[in-house]
Amino acid sequence: MAGRLNGGKRLVKEYREGNIVSVFGTDLVLSGGIFVPNLLLRFYKKLGISDLGMMIILQIFRLRAEEGRLLVTAAELAEYLTAEEAVLSRELDELLSKKILAVSEYYDGEKVVEGYDFQPLFERLSEVWACAKVAEIQELQALLRGQQEAASTDVVFSELYQAFEKEFGRPLSPIEAEQVLKWRQEMPPALVLEALRRAVLLGKRNFKYIGTILLEWQKNNLRTLAEVEEYDRSFETGRRRKRKAAISAKEKEEKEKKKALIKTLYLS
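Residues numbered from 1 in each chain as written. Predicted model: local features only at pLDDT ≥ 70, side-chain atom pairs only at ≥ 80, totals over all residues. Heavy atoms only, no water.

Digging into the overall build of the protein
Piece 1. For the protein, the count of helices and strands is 11 helices and 4 strands.
Piece 2. Counting only residues that meet the buried cut, the protein has 26% of its 268 residues in that class.
Piece 3. Here the analysis covers contacts within the protein between residues at least 6 apart in sequence; of these, 54% occur between residues at least 24 apart.
Piece 4. About 18,900 Å² of surface is accessible on the protein, with carbon and sulfur atoms providing 56% of the total. (Helix = DSSP H or I, 4+ residues; strand = E, 2+ residues; numbered from the N terminus. Buried < 20%, exposed > 50% of the residue type's maximum accessible area, 1.4 Å probe, protein only. Contact = heavy atoms within 4.5 Å. Areas by Shrake-Rupley, 256 points an atom, 1.4 Å probe, with all protein chains shown as cover.)

Quick look at the packing of aromatic side chains
Piece 1. What the rule picks out here adds up to 8 aromatic pairs.
Piece 2. Look at F168 and F207: their rings are 5.2 Å apart centre to centre, the planes differ by 55°, and that puts the pair in the tilted class. One end of the pair, F168, is in helix α7 (residues 155–168); the other, F207, is in helix α10 (residues 207–219), with 39 residues separating them in the sequence. Residues F168 and F207 agree in their burial class; the two are buried.
Piece 3. An aromatic cluster is present here, built from F164, F168, W183 and F207 joined pairwise through their rings.
Piece 4. For the cation-ring pair, R62 lies above Y80, with the distance from its terminal atom to the ring centre recorded as 4.5 Å.
Piece 5. When the ring centre of Y106 is taken as origin, the NZ or CZ atom of R64, which lies over that ring, is 5.3 Å away. (Phe/Tyr/Trp six-rings, centres within 6.5 Å; stacked < 30°, edge-to-face > 60°. Lys NZ or Arg CZ within 6 Å of the ring centre and 35° of its normal.)

Thoughts on the side chain of E66
Piece 1. Relative to the helices and strands, E66 resides in helix α3 (residues 51–67).
Piece 2. For E66, a relative accessible area of 16% puts it in the buried group.
Piece 3. There is a polar contact of 2.6 Å between the side chain of E66 and the side chain of R62. (Polar contact = N/O pair within 3.5 Å; in protein donor to acceptor, adjacent residues only side chain to side chain.)

A few points about helix α9 (residues 189–201)
Piece 1. For α9, spanning 13 residues, the distance from its first C-alpha to its last is 18 Å, which sits close to the expected 18 Å at 1.5 Å a residue.
Piece 2. Within α9 the residues assigned to the buried category are L191, V192, E194, A195, L196, A199 and V200.
Piece 3. Backbone geometry just downstream of α9 places G203 in the positive-phi region, at approximately 70°. (Expected span 1.5 Å × (residues − 1).)

So, the nonpolar core
Piece 1. The biggest cluster of nonpolar side chains holds 28 residues, and the ones touching the most others in it are L40, I49, I56, I57, I60, L77 and L121.
Piece 2. Among the elements of the structure, α2 (38–43), α3, α4 (74–77), α5 (85–97) and α6 (119–152) are those that each provide at least two residues to this core.
Piece 3. Broken down by element, the residue count for this core peaks at 7 residues, all from α3.
Piece 4. In contact with I49, other than residues within four places in its own chain, are Y44, M54, I57, L95, I100 and L121.
Piece 5. Among the nonpolar cores identified, the runner-up in size contains 22 residues, and V180, F207, I210 and V228 belong to it. (Core = buried A, V, L, I, M, F, W, Y, C linked by side-chain atoms within 4.5 Å.)

Focus: the packing of α3 against α5
Relative placement of two packed helices is described by the angle separating their axes and the distance separating the axes.
Piece 1. Relative orientation of the contacting elements α3 and α5 amounts to 85°, with a least axis distance of 10 Å. With respect to α5, the element α3 is oriented roughly perpendicular. For the pair formed by α3 and α5, the contact residues are L52, G53, I56, I57 and I60 on the first element and V87, L88, E91, L92 and L95 on the second. (Axes fitted to C-alpha atoms, helices over the stretch in contact; angles between N-to-C directions. Parallel < 35°, antiparallel > 145°, perpendicular 65-115°, else oblique.)

Looking at the confidence of the model for the protein
Piece 1. Scored by pLDDT, the protein has a mean of 85; 85% of the residues are at 70 or more.
Piece 2. Predicted confidence for residues 1–6 stays below pLDDT 50, and this span has 24 contacts to residues more than four positions away or in other chains. (pLDDT = per-residue confidence, 0-100.)

Some words on a nonpolar patch on the surface
Piece 1. Together, F24, L28 and V29 give the surface a local cluster of nonpolar side chains, amounting to about 340 Å² of exposed area.
Piece 2. Along the chain, the position of L28 falls in helix α1 (residues 20–30).
Piece 3. Given the relative accessible area of 51%, L28 is considered exposed. (Patch = residues over 30% accessible without salt bridge, like charges linked within 9 Å, V, L, I, M, F, W, Y side chains within 5 Å. Salt bridge = Lys/Arg side-chain N within 4 Å of Asp/Glu carboxyl O.)

Thoughts on the pairing of strand β4 (residues 112–117)
Piece 1. Bridging between strand β3 (residues 102–107) and β4 involves 6 bridges; their strand directions are antiparallel. Bridge pairing links Y107 to V112 in β4.
Piece 2. The antiparallel hairpin formed by β3 and β4 contains 4 residues in its connecting segment, where G109 sits at a positive phi of about 100°. (Pairing = 2+ DSSP bridges.)

Regarding α3
Piece 1. For α3, with 17 residues, the first-to-last C-alpha span of 24 Å sits near the 24 Å given by 1.5 Å per residue.
Piece 2. Listed in full, the buried residues belonging to α3 are G53, M54, I56, I57, L58, Q59, I60, F61, L63 and E66.
Piece 3. Of the residues one or two after α3, G68 is the one with positive phi, at around 70°.

Overview of the packing of α7 against helix α8 (residues 174–186)
Piece 1. Where α7 contacts α8, the two axes come as close as 10 Å, and the packing angle between them is 130°. As far as their axial angle goes, α8 and α7 are oblique. Regarding α7 and α8, the two cross each other, and that crossing is right-handed. The segment α7 lies against α8, with V156, F157, L160, Y161 and F164 engaging A177, V180, L181, W183 and R184.
Piece 2. Residues that form the contact of α7 with α8 fall into these classes: 9 nonpolar, no polar and 1 charged. (Left-handed = near helix turned anticlockwise from the far one by under 90°. Nonpolar A, V, L, I, M, F, W, Y, C, P; charged D, E, K, R; others polar.)

Here it is in C-alpha coordinates:
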(Lines give C-alpha, C1' and ligand atoms only; values in the text may rest on other atoms or scores of the structure.)
Protein backbone atom coordinates (compact mmCIF):
# COMPACT_ATOMS: atom_id res chain seq x y z
CA MET A 1 0.00 0.00 0.00
CA ALA A 2 1.39 3.43 -0.86
CA GLY A 3 0.78 6.92 0.44
CA ARG A 4 2.43 10.30 -0.16
CA LEU A 5 4.77 12.45 1.86
CA ASN A 6 5.69 16.10 1.27
CA GLY A 7 8.16 16.50 -1.57
CA GLY A 8 6.60 13.71 -3.62
CA LYS A 9 8.26 10.83 -1.73
CA ARG A 10 6.31 7.61 -1.48
CA LEU A 11 5.49 5.97 1.83
CA VAL A 12 5.16 2.23 1.21
CA LYS A 13 3.91 -0.53 3.50
CA GLU A 14 3.54 -4.22 2.97
CA TYR A 15 0.09 -5.48 2.07
CA ARG A 16 -1.62 -7.59 4.70
CA GLU A 17 -4.38 -10.09 4.14
CA GLY A 18 -7.87 -8.61 4.05
CA ASN A 19 -10.64 -7.27 1.86
CA ILE A 20 -9.13 -5.78 -1.32
CA VAL A 21 -11.88 -3.13 -1.35
CA SER A 22 -10.68 -1.84 2.03
CA VAL A 23 -7.13 -1.72 0.65
CA PHE A 24 -8.36 0.33 -2.30
CA GLY A 25 -10.30 2.66 0.01
CA THR A 26 -7.23 3.22 2.18
CA ASP A 27 -5.07 3.98 -0.86
CA LEU A 28 -7.79 6.28 -2.20
CA VAL A 29 -7.71 8.37 0.98
CA LEU A 30 -3.94 8.35 1.51
CA SER A 31 -3.20 9.31 -2.10
CA GLY A 32 -4.91 12.66 -1.42
CA GLY A 33 -6.50 15.00 -3.93
CA ILE A 34 -6.11 18.41 -5.49
CA PHE A 35 -8.07 21.58 -4.87
CA VAL A 36 -9.79 22.89 -8.01
CA PRO A 37 -11.45 26.30 -7.54
CA ASN A 38 -15.03 26.40 -8.78
CA LEU A 39 -14.31 29.82 -10.30
CA LEU A 40 -11.66 28.24 -12.52
CA LEU A 41 -14.08 25.57 -13.75
CA ARG A 42 -16.74 28.24 -14.25
CA PHE A 43 -14.61 30.71 -16.21
CA TYR A 44 -11.90 28.72 -17.99
CA LYS A 45 -13.77 29.01 -21.28
CA LYS A 46 -13.79 32.81 -20.95
CA LEU A 47 -10.02 32.66 -20.37
CA GLY A 48 -9.63 31.01 -23.77
CA ILE A 49 -8.69 27.64 -22.31
CA SER A 50 -9.92 24.58 -24.21
CA ASP A 51 -11.28 21.48 -22.50
CA LEU A 52 -7.99 19.70 -23.21
CA GLY A 53 -6.05 22.69 -21.93
CA MET A 54 -8.05 22.56 -18.69
CA MET A 55 -7.26 18.86 -18.27
CA ILE A 56 -3.57 19.60 -18.85
CA ILE A 57 -3.66 22.27 -16.12
CA LEU A 58 -5.39 19.86 -13.72
CA GLN A 59 -2.77 17.19 -14.41
CA ILE A 60 0.01 19.74 -13.84
CA PHE A 61 -1.66 20.67 -10.53
CA ARG A 62 -1.83 17.00 -9.55
CA LEU A 63 1.75 16.18 -10.49
CA ARG A 64 3.01 19.24 -8.61
CA ALA A 65 1.00 18.37 -5.45
CA GLU A 66 1.40 14.60 -5.54
CA GLU A 67 4.92 14.08 -6.90
CA GLY A 68 6.55 17.50 -6.61
CA ARG A 69 7.21 17.63 -10.37
CA LEU A 70 7.63 21.29 -11.31
CA LEU A 71 8.04 21.11 -15.08
CA VAL A 72 6.06 18.42 -16.91
CA THR A 73 6.63 17.60 -20.56
CA ALA A 74 4.08 16.65 -23.19
CA ALA A 75 5.50 13.13 -23.19
CA GLU A 76 4.93 12.83 -19.45
CA LEU A 77 1.37 14.19 -19.75
CA ALA A 78 0.65 11.61 -22.47
CA GLU A 79 0.92 8.93 -19.77
CA TYR A 80 -2.30 10.27 -18.20
CA LEU A 81 -4.27 11.85 -21.07
CA THR A 82 -5.74 10.26 -24.20
CA ALA A 83 -4.46 12.97 -26.56
CA GLU A 84 -1.33 12.33 -28.62
CA GLU A 85 1.98 13.79 -27.48
CA ALA A 86 2.10 16.18 -30.45
CA VAL A 87 -1.37 17.52 -29.63
CA LEU A 88 -0.42 17.96 -25.99
CA SER A 89 2.76 19.77 -26.98
CA ARG A 90 0.78 22.24 -29.13
CA GLU A 91 -1.72 22.78 -26.32
CA LEU A 92 1.06 23.46 -23.82
CA ASP A 93 2.67 25.95 -26.20
CA GLU A 94 -0.70 27.70 -26.58
CA LEU A 95 -1.18 27.98 -22.81
CA LEU A 96 2.27 29.58 -22.59
CA SER A 97 1.75 31.90 -25.58
CA LYS A 98 -1.60 33.09 -24.18
CA LYS A 99 0.22 33.81 -20.89
CA ILE A 100 -2.11 31.48 -19.00
CA LEU A 101 0.91 29.57 -17.75
CA ALA A 102 4.49 30.74 -17.43
CA VAL A 103 7.81 29.08 -16.66
CA SER A 104 9.69 30.53 -13.71
CA GLU A 105 12.75 29.64 -11.66
CA TYR A 106 12.34 28.03 -8.24
CA TYR A 107 14.85 27.21 -5.52
CA ASP A 108 14.26 23.70 -4.17
CA GLY A 109 16.63 24.05 -1.22
CA GLU A 110 19.64 22.78 -3.14
CA LYS A 111 19.58 24.31 -6.60
CA VAL A 112 17.58 26.56 -8.93
CA VAL A 113 15.12 24.68 -11.13
CA GLU A 114 12.47 25.66 -13.65
CA GLY A 115 8.78 24.97 -13.14
CA TYR A 116 5.33 26.04 -14.27
CA ASP A 117 4.12 29.28 -12.71
CA PHE A 118 0.36 29.56 -12.07
CA GLN A 119 0.35 33.25 -11.13
CA PRO A 120 -0.60 34.44 -14.68
CA LEU A 121 -3.55 32.01 -14.67
CA PHE A 122 -4.96 33.36 -11.43
CA GLU A 123 -4.30 36.97 -12.42
CA ARG A 124 -6.36 36.42 -15.59
CA LEU A 125 -9.00 34.54 -13.58
CA SER A 126 -9.30 37.41 -11.08
CA GLU A 127 -9.87 39.86 -13.95
CA VAL A 128 -12.65 37.73 -15.46
CA TRP A 129 -14.20 37.24 -12.00
CA ALA A 130 -14.14 41.01 -11.36
CA CYS A 131 -15.88 41.72 -14.68
CA ALA A 132 -18.53 39.09 -13.92
CA LYS A 133 -19.03 40.50 -10.43
CA VAL A 134 -19.49 44.04 -11.79
CA ALA A 135 -22.04 42.72 -14.30
CA GLU A 136 -23.94 40.93 -11.49
CA ILE A 137 -23.99 44.07 -9.36
CA GLN A 138 -25.21 46.20 -12.28
CA GLU A 139 -27.94 43.66 -13.05
CA LEU A 140 -29.05 43.66 -9.40
CA GLN A 141 -29.07 47.46 -9.25
CA ALA A 142 -31.15 47.63 -12.44
CA LEU A 143 -33.60 45.11 -10.96
CA LEU A 144 -33.89 47.10 -7.74
CA ARG A 145 -34.40 50.35 -9.66
CA GLY A 146 -37.16 48.71 -11.68
CA GLN A 147 -38.87 47.46 -8.52
CA GLN A 148 -38.55 50.85 -6.85
CA GLU A 149 -39.97 52.62 -9.90
CA ALA A 150 -42.88 50.18 -9.98
CA ALA A 151 -43.39 50.61 -6.25
CA SER A 152 -43.41 54.40 -6.51
CA THR A 153 -46.54 54.21 -8.68
CA ASP A 154 -48.22 51.81 -6.22
CA VAL A 155 -50.43 53.96 -3.97
CA VAL A 156 -51.00 51.16 -1.45
CA PHE A 157 -47.28 50.50 -1.12
CA SER A 158 -46.61 54.22 -0.70
CA GLU A 159 -49.12 54.35 2.17
CA LEU A 160 -47.54 51.31 3.84
CA TYR A 161 -44.07 52.77 3.38
CA GLN A 162 -45.11 56.06 4.96
CA ALA A 163 -46.77 54.23 7.89
CA PHE A 164 -43.57 52.29 8.59
CA GLU A 165 -41.45 55.43 8.34
CA LYS A 166 -43.77 57.23 10.77
CA GLU A 167 -43.75 54.44 13.36
CA PHE A 168 -40.01 53.78 13.06
CA GLY A 169 -39.27 57.50 13.17
CA ARG A 170 -36.71 57.31 10.36
CA PRO A 171 -36.39 56.61 6.62
CA LEU A 172 -36.40 52.92 5.72
CA SER A 173 -33.30 51.28 4.27
CA PRO A 174 -33.52 49.82 0.73
CA ILE A 175 -33.66 46.28 2.21
CA GLU A 176 -36.49 47.29 4.56
CA ALA A 177 -38.36 48.92 1.69
CA GLU A 178 -37.99 45.68 -0.30
CA GLN A 179 -39.43 43.74 2.64
CA VAL A 180 -42.46 46.06 2.90
CA LEU A 181 -43.01 45.65 -0.85
CA LYS A 182 -42.85 41.86 -0.49
CA TRP A 183 -45.42 41.91 2.34
CA ARG A 184 -47.65 44.20 0.27
CA GLN A 185 -47.54 41.64 -2.57
CA GLU A 186 -48.16 38.61 -0.35
CA MET A 187 -50.60 39.87 2.29
CA PRO A 188 -53.62 42.21 2.44
CA PRO A 189 -52.37 45.72 3.34
CA ALA A 190 -54.74 45.89 6.32
CA LEU A 191 -53.00 42.91 7.89
CA VAL A 192 -49.55 44.43 7.31
CA LEU A 193 -50.69 47.60 9.08
CA GLU A 194 -52.21 45.55 11.92
CA ALA A 195 -48.97 43.62 12.39
CA LEU A 196 -47.10 46.94 12.50
CA ARG A 197 -49.58 48.32 15.06
CA ARG A 198 -49.19 45.27 17.34
CA ALA A 199 -45.41 45.44 17.15
CA VAL A 200 -45.45 49.13 18.08
CA LEU A 201 -47.81 48.52 21.03
CA LEU A 202 -45.41 45.92 22.39
CA GLY A 203 -42.41 48.20 21.82
CA LYS A 204 -40.92 45.82 19.26
CA ARG A 205 -40.21 48.06 16.29
CA ASN A 206 -38.29 45.54 14.21
CA PHE A 207 -39.00 43.81 10.95
CA LYS A 208 -38.26 40.33 12.30
CA TYR A 209 -41.09 40.54 14.86
CA ILE A 210 -43.55 41.95 12.31
CA GLY A 211 -42.56 39.19 9.88
CA THR A 212 -43.23 36.55 12.57
CA ILE A 213 -46.77 37.88 13.07
CA LEU A 214 -47.51 37.94 9.34
CA LEU A 215 -46.05 34.46 8.84
CA GLU A 216 -48.34 33.08 11.57
CA TRP A 217 -51.39 34.63 9.89
CA GLN A 218 -50.26 33.41 6.48
CA LYS A 219 -49.82 29.83 7.76
CA ASN A 220 -53.38 29.90 9.11
CA ASN A 221 -54.74 31.38 5.87
CA LEU A 222 -56.04 34.55 7.55
CA ARG A 223 -56.90 37.24 5.00
CA THR A 224 -59.05 39.78 6.87
CA LEU A 225 -58.99 41.61 10.22
CA ALA A 226 -62.19 39.80 11.21
CA GLU A 227 -60.49 36.43 10.65
CA VAL A 228 -57.49 37.59 12.70
CA GLU A 229 -59.77 38.66 15.57
CA GLU A 230 -61.63 35.34 15.47
CA TYR A 231 -58.30 33.50 15.44
CA ASP A 232 -57.16 35.50 18.49
CA ARG A 233 -60.39 34.70 20.34
CA SER A 234 -60.10 30.99 19.57
CA PHE A 235 -56.48 31.00 20.62
CA GLU A 236 -57.28 32.76 23.90
CA THR A 237 -60.21 30.42 24.59
CA GLY A 238 -58.01 27.40 23.99
CA ARG A 239 -55.33 28.82 26.25
CA ARG A 240 -57.88 29.39 29.05
CA ARG A 241 -59.18 25.84 28.70
CA LYS A 242 -55.67 24.47 28.93
CA ARG A 243 -54.95 26.62 31.98
CA LYS A 244 -58.23 25.55 33.62
CA ALA A 245 -57.55 21.91 32.81
CA ALA A 246 -54.05 22.20 34.27
CA ILE A 247 -55.44 23.78 37.45
CA SER A 248 -58.13 21.08 37.75
CA ALA A 249 -55.56 18.35 37.27
CA LYS A 250 -53.36 19.90 39.93
CA GLU A 251 -56.28 20.23 42.37
CA LYS A 252 -57.28 16.64 41.71
CA GLU A 253 -53.72 15.50 42.33
CA GLU A 254 -53.64 17.42 45.64
CA LYS A 255 -56.92 15.82 46.73
CA GLU A 256 -55.61 12.36 45.89
CA LYS A 257 -52.47 13.05 47.89
CA LYS A 258 -54.56 14.16 50.88
CA LYS A 259 -56.76 11.04 50.64
CA ALA A 260 -53.68 8.85 50.47
CA LEU A 261 -52.19 10.61 53.50
CA ILE A 262 -55.41 10.23 55.56
CA LYS A 263 -55.65 6.59 54.56
CA THR A 264 -52.08 6.01 55.64
CA LEU A 265 -52.71 7.67 59.03
CA TYR A 266 -55.79 5.54 59.73
CA LEU A 267 -54.14 2.33 58.66
CA SER A 268 -51.12 2.99 60.82
